[in-house]
Amino acid sequence: MKSYMLGVDIGTTSTKAVLFDLKGNAFQQSSVEYPLNVPEPGAAEQDPKEILEAVKESIRTVMKRSEIDKNALKFISFSAAMHSVIAVDKEGNPLTPSITWADQRSEPYAEKIKIQTGLELYKKTGTPIHPMSPLTNICWIREEKPDIFKQTAKFIGIKEYVFKAFFNEYVVDHSIASATGLLNIYTMDWDAEALEIAGIGPDQLSKLVPTTSQYKDIDPILADEMGISSEVTFIIGANDGCLANLGVDAVMPGEVAITIGTSGAIRTVTDKPVTDEKGRTFCYALTENHWVIGGPVNNGGMVLRWLRDEFCSEEVKIAKEQNQNPYDLITDRIDQVAAGSEGLLFHPYLSGERAPSWNANARGSFFGLAMHHKREHMMRAVLEGINMNIYMVLLALEELIGTPKEVRATGGFAHSAVWRQMVADIFGQEVHVPETVESACLGAAILGLYAMEEIDDLSEVKKMVKTRTINHPDKEKGLVYKELLPIFIRLSRLYEQEYEAIVDFQNQYTNRI
């Protein structure tokens, strides 16, 4: 009987499940979406029960569509978005929604921790101090929701919630844990200083386990619900960023992966923990011998969606009439404008920013706007701004690893030839696109093979990941961007002085309303 493996990625906007054979060929997939709720300014929450149901439904759908014998499924391995935190009571009932990385309400507590610890806590945990992290969100719950804090037995992430439902045990893999701001990446244990700042003990967090840990004997009722054998092996897996690198074959020195979906990130793999003296990059665990360093950005595809909704009603209307994807029409229009948007720059900080500035108060802006600029120039400037900001993260990463040898693309942007080409031109690098763009699911599956000792080393991924296309940099466009990038970078630093003032005004205006 032919064997299969299932990679499941619990993402911010959906859970995806992809069925592969043991050589990494995809056979079937499913995606189940869920909302990101904003009950108040700065909030970004989700219903953990809804996500659990999405996980079960995605697995059930893949198994049903594939029509494989359930005993042919060798294992299920998991990827999950980082930084979520859920407070649960003694019975395991959620006391809060799942607070996601996009939630900004803990910003004042992040600033206090920065002042208190400088870069020392970051250097121990590898997680920059920012409202995205469970550390700061636990502080927010403690101060703003004291009744909930007193009732909380555990603070967990969304993958922990799923595994508790499946196996009745609170476990967290080293990869997810290393992105909480609470794990010492050198001792691989909960950090005493971070726990003291959060006001919790280690017993209020899950048991730490390697990313290769295996679990069996799921409840037969749950197994039947998902169409799987109750004896199938579950691999706890890692976080989505680390697994995206693995899934695009960016695990060797000099290989860099760029992911742009709702948000974005640029990452590379090292054989030991590496932190940045300026605190600009993260350091997360993949395995004991593989560490992923890089920087995440808040403002990826969500900014393009804002552009679609606020600037591109014409393209949306035409796309609907012609049954086309509006983003295809938008990027086609963008491609008709010269590189550099005739001197118009856009800083894409519509939802604050993580790397490289780690400033939750950052706000977006157009610069250089003149009478000759049209809507199309603004459209192109928006896309260029997203990519220039990610290039700034690459500059920080290069100080740690040198100039990359190869850039690999993953995430929704990898579907767009125009977007990929712009990245190649701005970065001055070839951009390689693998056949499977659901890289976190493939990465989870490959890590599962490693856990099951089906492969000896993660470098085996090179046999499984095939390049679909390569975008080569355009030298003339590259020269334009070389002129504009220093201006873009200088402006981003100058604006830092005014972000807090404009955010104060925005908050006052909102309160007046």
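It should be noted that the structure appears before, not after, this text.
Residues numbered from 1 in each chain as written. Predicted model: local features only at pLDDT ≥ 70, side-chain atom pairs only at ≥ 80, totals over all residues. Heavy atoms only, no water.

Quick look at the overall build of the protein
Logical step 1: When helices and strands are tallied, the protein shows 17 helices and 23 strands.
Logical step 2: Computed over the C-alpha atoms, the radius of gyration of the protein is 22 Å, within 12% of the 24 Å expected from 2.2 N^0.38 for a compact globule of 513 residues.
Logical step 3: Reported as C-alpha extents along the three principal axes, the dimensions of the protein are approximately 65 × 50 × 45 Å.
Logical step 4: In the protein, buried positions account for 59% of the 513 residues.
Logical step 5: Taking the intrachain contacts of the protein between residues at least 6 apart in sequence as the baseline, contacts between residues at least 24 apart amount to 72%.
Logical step 6: In the structure as shown, the protein presents an accessible area of about 20,900 Å², 48% of it carried by carbon and sulfur atoms.
Logical step 7: Seen as two clouds, the 51 positive and the 71 negative side-chain charges of the protein have centres 2 Å apart. (Helix = DSSP H or I, 4+ residues; strand = E, 2+ residues; numbered from the N terminus. Rg over C-alpha atoms; globule rule 2.2 N^0.38 Å. Buried < 20%, exposed > 50% of the residue type's maximum accessible area, 1.4 Å probe, protein only. Contact = heavy atoms within 4.5 Å. Areas by Shrake-Rupley, 256 points an atom, 1.4 Å probe, with all protein chains shown as cover. Lys, Arg positive; Asp, Glu negative; His and termini not counted. Charge placed at Lys NZ, Arg CZ, Asp CG, Glu CD.)

Topic: the environment of glutamate 53
Logical step 1: For glutamate 53, the location among the structural elements is in helix α1 (residues 48–66).
Logical step 2: Sequence separation between glutamate 53 and leucine 344 is 291 residues; the distance between their C-alpha atoms is 45 Å.
Logical step 3: Among the polar contacts listed, one links the side chain of glutamate 53 to the side chain of lysine 56, at a separation of 3.0 Å. (Polar contact = N/O pair within 3.5 Å; in protein donor to acceptor, adjacent residues only side chain to side chain.)

Details of the packing of helix α10 (residues 240–247) against helix α16 (residues 439–451)
Packed helices, taken two at a time, are described by the angle between their axes plus the distance between the axes.
Logical step 1: Interaxial distance between α10 and α16 falls to 7 Å at its minimum, and their mutual angle equals 80°. One way to sum up the angle between α10 and α16 is to call them roughly perpendicular. For the pair α10 and α16, the contacting residues are Asp240, Leu243, Ala244, Leu246 and Gly247 in the first and Ser439, Ala440, Leu442, Gly443, Ala444, Ile446 and Leu447 in the second. (Axes fitted to C-alpha atoms, helices over the stretch in contact; angles between N-to-C directions. Parallel < 35°, antiparallel > 145°, perpendicular 65-115°, else oblique.)

What to know about helix α15 (residues 417–427)
For the α-helix, the turn length of 3.6 residues means that residues three or four positions removed from each other point alike.
Logical step 1: Among the 11 residues in α15, 9 count as buried, and that is most of the element.
Logical step 2: Residues Val418, Trp419, Arg420, Met422, Val423, Ala424, Asp425, Ile426 and Phe427 constitute the buried set of α15.
Logical step 3: Taken from the residues just after α15, glycine 428 is the one with a positive phi, measuring 65°.

Some thoughts on the sheet that holds strand β22 (residues 431–434)
Logical step 1: Ordered by their spatial adjacency, 7 strands build an open sheet running β17-β18-β16-β15-β21-β22-β23, and the pairing between neighbours is mixed. Looking at the sheet topology across the chains shown, the edges are occupied by β17 (282–287) and β23 (467–471). Strand-to-strand, the axes of this sheet are offset by a mean angle of 30°, without reference to chain direction.
Logical step 2: The sheet contact formed by β17 and strand β18 (residues 290–297) spans 5 bridges and is antiparallel. Each residue of the ladder has a partner; that of cysteine 283, found in β18, is isoleucine 293.
Logical step 3: In the packing of helix α14 (residues 375–401) onto the sheet, contacts are made with β15 (255–260), β16 (264–270) and β18, and the angle to β18 comes to roughly 145°. (Pairing = 2+ DSSP bridges.)

Some thoughts on the packing of helix α12 (residues 313–322) against helix α13 (residues 326–335)
Logical step 1: Axis separation between α12 and α13 bottoms out at 8 Å; the angle between their running directions is 130°. Taken together, the axis directions place α12 and α13 in an arrangement best described as oblique. Both α12 and α13 take part in a crossing whose hand is right-handed. Residue-level contacts link Glu314, Glu315, Val316, Ile318 and Ala319 of α12 to Pro326, Leu329, Ile330 and Arg333 of α13.
Logical step 2: Residue composition of the contact of α12 with α13, by class: 6 nonpolar, no polar and 3 charged. (Left-handed = near helix turned anticlockwise from the far one by under 90°. Nonpolar A, V, L, I, M, F, W, Y, C, P; charged D, E, K, R; others polar.)

A short note on the packing of aromatic side chains
Logical step 1: Evaluated as defined, the whole model comprises 17 aromatic pairs.
Logical step 2: With a centroid separation of 5.7 Å and an interplanar angle of 40°, the aromatic rings of phenylalanine 167 and tyrosine 215 are classed as tilted. With a gap of 48 residues between them, phenylalanine 167 in helix α6 (residues 158–167) and tyrosine 215 in strand β13 (residues 214–215) connect regions that are remote in the sequence.
Logical step 3: The buried category is assigned to phenylalanine 167, whose relative accessible area is 16%.
Logical step 4: Look at tyrosine 215 and you get buried, because its relative accessible area is 11%.
Logical step 5: Ring geometry for phenylalanine 346 and phenylalanine 366: centres 4.6 Å apart, planes at 45°, overall tilted. In this pair, phenylalanine 346 is assigned in strand β19 (residues 345–347) and phenylalanine 366 in strand β20 (residues 365–367), connecting sequence segments 20 residues apart.
Logical step 6: Take phenylalanine 366: its relative accessible area is 24%, and that puts it in the partly exposed class.
Logical step 7: One aromatic cluster is present, built from ring pairs that chain together Phe78, Phe163, Phe166, Phe167, Tyr215 and Phe234.
Logical step 8: The ring of tyrosine 170 has lysine 164 lying over it, and the distance from NZ or CZ to the ring centre is 5.1 Å. (Phe/Tyr/Trp six-rings, centres within 6.5 Å; stacked < 30°, edge-to-face > 60°. Lys NZ or Arg CZ within 6 Å of the ring centre and 35° of its normal.)

Points about unusual backbone geometry
Logical step 1: For the bond running from alanine 355 to proline 356, omega is -5°, close enough to zero to count as cis.
Logical step 2: Even without being glycine, glutamate 342 reaches a positive phi, approximately 50°.

Quick look at the nonpolar core
Logical step 1: Ile258, Ile266 and Phe427 are the most contacted members of the largest nonpolar core, which has 89 residues in total.
Logical step 2: If one sorts the elements of this core by residue count, α14 sits on top with 13 residues.
Logical step 3: Not counting the four nearest positions on each side in its chain, isoleucine 266 is found in contact with Val256, Ala257, Ile258, Ile293, Gly294, Gly295, Ile390, Val393, Leu394, Leu397 and Phe427.
Logical step 4: Membership of the second largest hydrophobic core comes to 70 residues, among which are Val32, Val88, Ile99 and Ile236. (Core = buried A, V, L, I, M, F, W, Y, C linked by side-chain atoms within 4.5 Å.)

A word on the side chain of serine 106
Logical step 1: In this structure, serine 106 sits in the loop between β7 (98–99) and α2 (107–117).
Logical step 2: Within the local environment of serine 106, its side chain forms a polar contact with the side chain of threonine 136, the two groups lying 3.0 Å apart.
Logical step 3: If we ignore the near neighbours within four places in the chain, the residues touching serine 106 are Pro131, Thr136, Asn137 and Trp140.

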